[in-house]
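Topology and contacts: notes
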Amino acid sequence: MSLLDYFRSTKKSSANTAKERLQIIVAHERRRRNSPDYLPQLERDILEVIRKYVDISPEDIAVTLEQRDDELSVLELNVTFPDEKR
Amino acid sequence: MAKIIVVTSGKGGVGKTTSSAAIGTGLALKGHKTVIIDFDIGLRNLDLIMGCERRVVYDFVNVINGEANLKQTLIKDKRTDNLFILPASQTRDKDALSKAGVEKVLNELAKDFDFILCDSPAGIESGAMMALYFADEAIVVTNPEVSSVRDSDRILGMLASKSRRAEQGLDAIKEHLLLTRYNPERVEKGEMLSVEDVKEILSIDLLGVIPESQAVLNASNSGQPVILDSESDAGQAYLDTVERLLGEKVPFRFLTVEKKGLLKRIFGG
């Protein structure tokens, strides 16, 4: 290993990047899997409504339906609004 | 009562057929009467890996359609006692497998065999779904690589929702992770996901880790399951895997870079 490589190695390894990307996408897909079929369409519809007022992109919105117990499920809507200065 | 095990992955080319051949042979070597079924209709390959491609007369679809019986169709392995192969059909359309037909064949095999190994095709279409539907256990073959891990997670979702056990509300399919083409050197350099990384992401039990090995290509070139190459790292790793599948506690090998001694460094090896 050259001296240059030694300094480079302090950079994040590609395996770490792979792991982080996988953790995010797998968690996302698992939530999808366990949620009702109408959820993606609901998400798109909400996105359209918000877009009438604020310019946001699809990744700024997250809709999850969580089954707390037999009687209660919670629809959680998370919208990240853009920085006003932009 | 026979145990039905599906070897699956979602992604293609990760080593399903290599693993099916090796594990099936290993189970038979341990004295269990085993049949390996090729579910890859239209892309038959298990016969080639097992070295019996010229002995195929009838196939899985012939049996389902009643054109041949199991006795005529099963190919008895010439090297290993207790081992049989049920080849896939090469020419017919992919939807030739019906759930009822597959069930009938599996029920008949179950009377006679200890293990029924279902070698799944890649993808998530009907052939792959049929291969996993009746399974009691699943071996999810995964490479330490992003697309393979993601597809494995997808297949785990299918096992939990689209299988007979899921539909009938029975105990869930027992899921095992088999990590193949593992390269400890690249893991140490931070260039490849480690065993721990993949285990953490998929959160299922680790059945085996097969190192990236030249022995695998050599074995498939000659139509010998790699587990019979007992000198090779991959062969030994598959043998360990089979023992774990049978419930034995076996330590994991080939996970770290082998430190070369002085003599090896000088003379090579």
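To start, this report covers the structure provided alongside it. Keep in mind that what you see is a predicted model, and the values were worked out from it rather than measured. (Residues numbered from 1 in each chain as written. Chains lettered and ligands numbered in written order. Predicted model: local features only at pLDDT ≥ 70, side-chain atom pairs only at ≥ 80, totals over all residues. Heavy atoms only, no water.)

With that settled, the discussion passes to a nonpolar patch on the surface. A contiguous nonpolar patch, built from Leu29, Leu228 and Leu239 of chain B and spanning about 220 Å² of accessible area, is present on the exposed surface. By relative accessible area, which is 48% here, Leu29 of chain B ends up partly exposed. (Patch = residues over 30% accessible without salt bridge, like charges linked within 9 Å, V, L, I, M, F, W, Y side chains within 5 Å. Areas by Shrake-Rupley, 256 points an atom, 1.4 Å probe, with all protein chains shown as cover. Salt bridge = Lys/Arg side-chain N within 4 Å of Asp/Glu carboxyl O. Buried < 20%, exposed > 50% of the residue type's maximum accessible area, 1.4 Å probe, protein only.)

Our next topic: the interface of chain B and chain A. If you look at the interface, chain B gives 15 residues, while chain A gives 12 residues. Here chain B packs against chain A, burying approximately 1,200 Å² in sum over the two surfaces, 55% of which is carbon and sulfur. Among the residues of chain B in contact with chain A, Arg150, Asp153 and Ile201 of chain B are the three that bury the most area, contributing 42% of the side total. Between the two partners, chain B and chain A, sit five salt bridges. When the shortest N-O distance is used, the salt bridge between Asp197 of chain B and Lys19 of chain A registers 3.2 Å. Residue composition of the side of chain B that touches chain A, grouped by class: six nonpolar, three polar and six charged. (Contact = heavy atoms within 4.5 Å. Buried area = accessible area lost by both parts, 1.4 Å probe. Nonpolar A, V, L, I, M, F, W, Y, C, P; charged D, E, K, R; others polar.)

Glancing now at empty space enclosed by the protein. Residue and element names in this part refer to chain B. Applying the stated criterion across every chain, the model contains two cavities of 30 Å³ or more. Its volume calculated, the largest cavity comes out at about 50 Å³. In terms of lining, the largest cavity is formed by Thr18, Ala21, Ala22, Ile49, Val216, Ala219, Ser220, Gln224, Pro225 and Val226. Mapped onto the lining of the largest cavity, the elements with two or more residues apiece are α1 (16-29) and α11 (214-222). Tallied by class, the residues present in the lining of the largest cavity amount to seven nonpolar, three polar and no charged. Empty space within the second largest cavity amounts to approximately 30 Å³. Lining the second largest cavity are Val209, Ala237, Asp240, Thr241, Arg244, Phe252 and Arg253. When residues of the lining of the second largest cavity are assigned to their parent elements, the largest contribution, four residues, is made by helix α12 (residues 233-245). (1 Å grid on protein atoms, 1.4 Å probe; cavity = no way out; pocket = protein on both sides within 12 Å on 5 of 7 lines; lining within 4 Å. Points joined across faces, edges and corners; volume = space filled by probe spheres on them. Helix = DSSP H or I, 4+ residues; strand = E, 2+ residues; numbered from the N terminus.)

It is worth spelling out the side chain of Ser194 of chain B at this point. With respect to the helices, strands and loops of the structure, Ser194 of chain B is situated in the loop between α9 (184-188) and α10 (195-202). Contacts of Ser194 of chain B, omitting those with residues within four sequence positions, involve Tyr182 and Val187 of chain B.

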